[in-house]
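Listed below, chain by chain, are the residues.
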Amino acid sequence: MLRIALESVLALFVLSDFARGAFAEVQPYNDGHHKPKVEWGPCDPSLVKDPTLKCGLFEIPLDYHDPSAGRGQLALVKANATGERRGTVFINPGGPGQSGLEALDGISDQLLALTGGYYDIVSWDPRGVGPLTVPGDTFCFDTVAEYDAFWNGTIELTGINMVGNFTHQADVDALLSQAPRMQAKYEELGRRCLQHPSGKFLRYVGTAATARDVAALADVFDGPESPINYIGISYGTILGSWLVNMFPERVGRVVIDGVIDPTFLANEETPFVWPRLISDADKVYEGFVSGCSLAGPEGCPIASQGDSAADVNDTIQALLQLAHDTQLKNSSVSVRSTDVRVAILAVLYQPGLSASFANTTFPELLAAVKSGLPVNASASAVSTLRVNMTAPADTGSLIRRARARNTRNPTTTYRFESILCSDSVDSRGTGMEDVFKNIIASSSTNGSELFTAVWPAQFYYCPFWPVRAVERYQGPFNKTLTNKVLIVSNTFDPVTPLFSAESTSKLLGDNAVLVRQAAFGHTSISEPSQCLNEIALAYFTNGSLPNGNNTVCEVDTDFELFPGVNTEAVLTALSTQEKR
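Scope of this entry: the structure provided in the associated data block. Worth saying up front: this structure is predicted, and the values here are computed from it rather than measured.

**Looking at the overall build of the protein**
A count of helical and extended segments in the protein gives 21 helices and 14 strands. For the protein, the proportion of contacts with a sequence separation of at least 24, taken over those separated by at least 6, is 77%. Surface summary for the protein: the accessible area is close to 21,500 Å², and the carbon and sulfur share equals 51%.

And the structure:
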C-alpha cells in the first residue's frame, strides 16, 4: 500500500471557498509540535440546517501507530450546552456509516434535554463518511450508470426472489445457481474499490481508529485524559464497547442503545452474524399484524372487519406471493418481493409509521405489483413508491436497499461496507455459496423467515472485501471501568435483539446496568418513554442508575401505532396469543 501525504488533499478542503463557507480552518493534530484546536463556525446549510449548531474540522493521524502514514480530518458539529457546562457528550448514530452531522441536525434539542443541558453535544462524520471527513466516502464506480451496468442482471439490483422460508425448491436452486457469478462480482468489486482513488484510505477506516479519534477530541474539548461521555446507537454500540474497553480508565457517562454484542464481530464472519442480529424481526412483525388487527379496517385497511392477526398476516403473505410470482414471469417489474420486504422492515424499524404504511404504502405496493409495470415505467406512483420503500432513514440503520449517495458526488458510496468490513475478522475462505446456504438455512432456523434473505445487506460483503483496518480491537470486552455504562434495549428490536444487549451486559458485569424498554422498533428512539428519559437525565446529571438489570420502562400511553392502539395494547394481545 502506498503511503499517502495528505497535506495537499487537506489544502484543497481548507482553502476552497466551499470549505471556508462550511467549516472553519482545520487545526493540526497534536503530534508533539502542534496544539490541537477546533475553530467553530457556521455550518454549511446544505449539510446542517439548524442555524444554532456550529461546525468545525479536526485534524487526525491516519494511523495512530505510524505518523508517516499522513493525516486526515473529521467534520464536526456541536450543540452548545444550555446550562452550566460540565463537559462534552459525543454521539455516534451508527450505520455503520451514518452521518453524525445529519443526525445531530435532527435531534440536538432532545439530546440537550436528556443530558440536562449541562454538556455540549458533539457529533461528527467518522472516518469513511461524507464529503468533508478524510478518509471520506468510499467509491468504487465513477458514475451511477457504471454501477448499474456492473450489477445488471444480478440479485444486487433485483434482490432475492423467494417466499416463506424458501418454501419452493425452485427458489433455492435459482439462488444457488447465482453463487459463482455473485462471488466473482463481489471479488471484482473489492478490486475496483481498492483501485479507486478512495481505496488508498481503506485500511485507515475502522472503529478502533475512530475510538482513538473520540479520545483525542475529548482531550481537546475537556482536557487531557478527561472522562469520555458518549452515546452510541445501533452500530454505534460497537464503537461504545470498543471505546470503554480500550480506554477503561476514562469512562464517564456512556450509553449504548440497540446493542450489538461485540464478541459477534470479534469471533465470527459477518454473513453469519447478520441472521442472529435479525432473529427478532419476525416477533416485531407479529406486533405489527396484531396492532393492525386491533385497529380494524378503520385504522388499518390491510385488515378486513373481524380479521385476526393471522388473517392480516395472510393478506401480507398473499402480496409477497403475488410479487414473487409476478417477478418470475417478468424480471423487470417495478416492485419485487424483496422491495415489499424492505418496505415492511422500514415499519418495523419505526413503528410510528405503521398507520401510514397501512393506509398509503401497502395499497401502493399492491397496485404496483398487480400492474406488473417494468422498472423503467414512468408512472409517478411507482416513482413515489420507490422513495417510500427506501430502507429506514433513522439513525443507526443496519441495512440499505438504496445505495448511499454522497451529497456532493452522485456516484454510489460503499461507506457502510468499508467500515463494517474493516472491523471484520480476516476472511476464512467463506464463498458465496456458503453465504447463500446460510441464508437459506437461517430463514427457517435462527434467523428471520421474512427478512434474512433481504439483499443486498452490508454484512454479506466482508468475506470478499479486500482489506482490513490497520488496527482492530477484538477484546477483551470485560474490563473494569471507572464508571458504569447504561445499556438500553427494546424488548422487540428487528436488528439488535434483546439477547444481544443481555450478553453484552453480562460481559461488563457490575460495570453496566441494563434497562429494557417494553417497546417495538430499532433502538429506544423508535418509541417515546418518559420513564427512560428520566433514567437518562438522572444518569447524566448525577451519575445515578437503577439497581440491577430488571428495570423495565413502558412506552408513553399516548403514543399510538394505529389510531386507538398503543404499544401496551399490542403487547397484551401478543401475550394473550402466546397463552392460547
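**Remarks on the state of the cysteines**
Per the stated rule, a full pass over the model turns up 5 disulfides. Here C531 pairs with C553 through a disulfide, and the sulfurs are 2.0 Å apart. Given an S-S torsion of about -55°, the disulfide between C531 and C553 has left-handed geometry. Here C553 lies in strand β12 (residues 551-554) and C531 lies in helix α20 (residues 530-542), a separation of 22 residues in the sequence. Of the residues examined, C531 reaches a relative accessible area of 28% and is grouped as partly exposed. The class of C553 is buried, set by a relative accessible area of 0%. For the protein, the bonded cysteines pair up as 1-2, 3-4, 5-6, 7-8, 9-10 when numbered in the order they occur along the sequence.

**Overview of the nonpolar core**
Judged by nonpolar contacts, the single largest core of 131 residues is most densely connected at I302, I316, F436, W455 and F562. In this structure, C43, L47, A79 and L101 belong to the second largest nonpolar core, which totals 32 residues.

**Some words on unusual backbone geometry**
Between W455 and P456 the backbone carries a cis peptide bond, its omega angle lying at 0°. The residue P456 is located in the loop between α18 (432-442) and β10 (485-492) in this model. P476 follows G475 through a cis peptide bond whose omega is 0°. If you check the backbone angles, F166 has positive phi at about 60° while not being a glycine. Summarising the element assignment, F166 is placed in the loop between α5 (155-158) and α6 (169-177). The phi dihedral of E225 falls on the positive side, at around 60°, and the residue is not glycine. Along the chain, E225 falls in the loop between α8 (207-222) and β6 (228-233).

**A short note on α20**
Across its 13 residues, α20 extends 18 Å between first and last C-alpha, which sits within 8% of the 18 Å expected from 1.5 Å per residue. Three or more residues of α20 are buried, namely L532, I535, A536, Y539 and F540. Angularly, the buried residues of α20 cover 125° about the axis, an arc narrow enough to put them on a single face.

**As for the environment of F247**
One can find F247 in the loop between α9 (236-246) and β7 (251-257). Residues F247 and R212, spaced 35 residues apart in sequence, show a C-alpha to C-alpha distance of 8.9 Å. The residues contacting F247, other than those within four sequence positions of it, are A211, R212 and A215.

**Considerations on the packing of helix α13 (residues 309-329) against helix α15 (residues 354-371)**
Helix packing for two helices is described by the angle between their axes and how far apart those axes are. Running from N to C, α13 and α15 point in directions that differ by 30°, and their axes come no closer than 9 Å. Between α13 and α15, the crossing angle belongs to the class labelled roughly parallel. Between α13 and α15 the crossing geometry is left-handed. In this structure, α13 uses T315, I316, L319, L322, A323 and T326 to contact α15, whose residues at the interface are F362, L365, L366, V369 and K370. In terms of residue class, the contact of α13 with α15 is built from 8 nonpolar, 2 polar and 1 charged.

**Structural notes on the pattern of salt bridges**
Oppositely charged side chains are able to pair whenever their charged atoms sit close together. Evaluation of the coordinates by the stated rule reveals 13 salt bridges. E59 is paired through a salt bridge with R71; the nearest N and O atoms lie 3.7 Å apart. Residue E59 is found in strand β2 (residues 54-61), and its partner R71 is found in strand β3 (residues 71-79); the two are separated by 12 residues along the sequence. With a relative accessible area of 8%, E59 lands in the buried category. Here the salt bridges do not stand alone but share partners, grouping R85, D120 and D222 into one network.

**A short note on the sheet that holds β6**
Ordered by their spatial adjacency, 10 strands build an open sheet running β1-β2-β3-β5-β4-β6-β7-β10-β11-β12, and the pairing between neighbours is mixed. Among the strands making up the open sheet, the edge pair consists of β1 (41-42) and β12. Both β10 and strand β11 (residues 512-520) contribute to a ladder of 7 bridges, which runs parallel. Bridge pairing links L486 to V513 in β11. Packing against the sheet, helix α3 (residues 100-114) makes contact with β3, β4 (87-92), β5 (119-125) and β6, and its axis sits at approximately 160° to β5.

**Topic: the packing of aromatic side chains**
Here the structure, examined in full by the defined rule, presents 23 aromatic pairs. Here F150 and W151 contribute two aromatic rings whose centre-to-centre distance is 4.8 Å and whose plane-to-plane angle is 90°, an arrangement assigned as edge-to-face. For the pair shown, F150 and W151 are each scored as buried. Relative to Y186, the ring of W151 has its centre 5.6 Å away and its plane inclined at 75°; by these criteria the two rings are edge-to-face.

**Structural notes on the pairing of β2**
The element β2 is extensively covered by neighbouring structure, given that 7 of its 8 residues are classed as buried. Direction of pairing for β2 relative to β3: antiparallel, over a ladder of 8 bridges. Each residue of the ladder has a partner; that of P61, found in β3, is R71.

Definitions and limits used
Residues numbered from 1 in each chain as written. Predicted model: local features only at pLDDT ≥ 70, side-chain atom pairs only at ≥ 80, totals over all residues. Heavy atoms only, no water. Helix = DSSP H or I, 4+ residues; strand = E, 2+ residues; numbered from the N terminus. Contact = heavy atoms within 4.5 Å. Areas by Shrake-Rupley, 256 points an atom, 1.4 Å probe, with all protein chains shown as cover. Disulfide = S-S within 2.5 Å. Buried < 20%, exposed > 50% of the residue type's maximum accessible area, 1.4 Å probe, protein only. Core = buried A, V, L, I, M, F, W, Y, C linked by side-chain atoms within 4.5 Å. Expected span 1.5 Å × (residues − 1). Arc of directions from axis to C-beta. Axes fitted to C-alpha atoms, helices over the stretch in contact; angles between N-to-C directions. Parallel < 35°, antiparallel > 145°, perpendicular 65-115°, else oblique. Left-handed = near helix turned anticlockwise from the far one by under 90°. Nonpolar A, V, L, I, M, F, W, Y, C, P; charged D, E, K, R; others polar. Salt bridge = Lys/Arg side-chain N within 4 Å of Asp/Glu carboxyl O. Pairing = 2+ DSSP bridges. Phe/Tyr/Trp six-rings, centres within 6.5 Å; stacked < 30°, edge-to-face > 60°.

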